[in-house]
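Report on the structure
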Amino acid sequence: MFSCPIQIRMSDLDPFNHVNNGVQCNFFDMGRSRYFEHVFQNKIDWMTFNYVLVHVDLDFRKPIRFHDTIVCESRVVEMGNSSFKMEQSLKDAETGEIKSLCHAVVVYFDRDTNRSQRIPDEHREKLLVETTMAHG
């Protein structure tokens, strides 16, 4: 399971003094980005990166507050031909309590044809190694 810290800013808070749900979507985006950089061992160039988010499903379980220490954990849970499913969680780093849960589908996308493509074998191998490590 890949984990990265999340920084909470004052501007992330809503009138209830919780981290806004929309902001939490950004936290999951950051977690996915850091996950991809970890798996592919390279900084992401979003002008050429060929993976796109096509589905996201979020469960907001507990409020996240300004002084919480939060991490985003990310892993691939299922691999297809041109897509894979990810599970992510925003967790309290001190207690391990899941604050929010995200299920996402990511597709390998050909920018020239605007169509999904088979995930390249070299990418598939790297993602499968991470998947095996996450479940092992």
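Remember, predicted model here, so these are calculated numbers, not experimental data. (Residues numbered from 1 in each chain as written. Predicted model: local features only at pLDDT ≥ 70, side-chain atom pairs only at ≥ 80, totals over all residues. Heavy atoms only, no water.)

**Structural notes on the overall build of the protein chain**
- Summing up its helical and strand segments, the protein chain has 2 helices and 6 strands in all.
- For the protein chain, the sequential pattern of α-helices and β-strands runs β-α-β-β-β-β-β-α.
- The C-alpha radius of gyration computed for the protein chain amounts to 16 Å, which stays within 12% of the reference 14 Å derived for 136 residues, consistent with globular compactness.
- Seen through its principal axes, the protein chain has C-alpha atoms that stretch 45 × 35 × 25 Å.
- Put simply, the protein chain has 136 residues, and 40% of those count as buried.
- Here the analysis covers contacts within the protein chain between residues at least 6 apart in sequence; of these, 64% occur between residues at least 24 apart.
- As displayed, the protein chain has an accessible area near 8,000 Å², and 49% of this comes from carbon and sulfur atoms.
- Of the charged side chains in the protein chain, 16 are positive and 20 negative, and the gap between their average positions amounts to 1 Å. (Helix = DSSP H or I, 4+ residues; strand = E, 2+ residues; numbered from the N terminus. Rg over C-alpha atoms; globule rule 2.2 N^0.38 Å. Buried < 20%, exposed > 50% of the residue type's maximum accessible area, 1.4 Å probe, protein only. Contact = heavy atoms within 4.5 Å. Areas by Shrake-Rupley, 256 points an atom, 1.4 Å probe, with all protein chains shown as cover. Lys, Arg positive; Asp, Glu negative; His and termini not counted. Charge placed at Lys NZ, Arg CZ, Asp CG, Glu CD.)

**Quick notes on the confidence of the model for the protein chain**
- When the pLDDT values of the protein chain are averaged, the result is 94; 95% of them are 70 or greater.
- Taken element by element, the predicted model of the protein chain shows its lowest mean pLDDT in helix α2 (residues 121–135) (78) and its highest in strand β4 (residues 83–92) (98). (pLDDT = per-residue confidence, 0-100.)

**So, the packing of aromatic side chains**
- Going through the model one piece at a time under the given rule, you end up with 12 aromatic pairs.
- Ring centres of Y35 and F36 lie 6.0 Å apart, and the angle between their planes is 65°; this geometry places the pair in the edge-to-face category. Both residues of the pair, Y35 and F36, count as buried.
- When the centroid spacing of 5.0 Å and the interplanar angle of 65° are considered together, the rings of Y51 and Y108 count as edge-to-face. (Phe/Tyr/Trp six-rings, centres within 6.5 Å; stacked < 30°, edge-to-face > 60°.)

**Side note on the pattern of salt bridges**
- Overall, the coordinates contain 10 salt bridges when judged by the stated rule.
- Taking the shortest distance from any N to any O, the salt bridge between E87 and R75 comes out at 3.1 Å. With E87 in strand β4 and R75 in strand β3 (residues 70–79), this residue pair connects regions lying 12 residues apart in the sequence.
- Under the relative-accessibility criterion, R75 is labelled buried at 17%. (Salt bridge = Lys/Arg side-chain N within 4 Å of Asp/Glu carboxyl O.)

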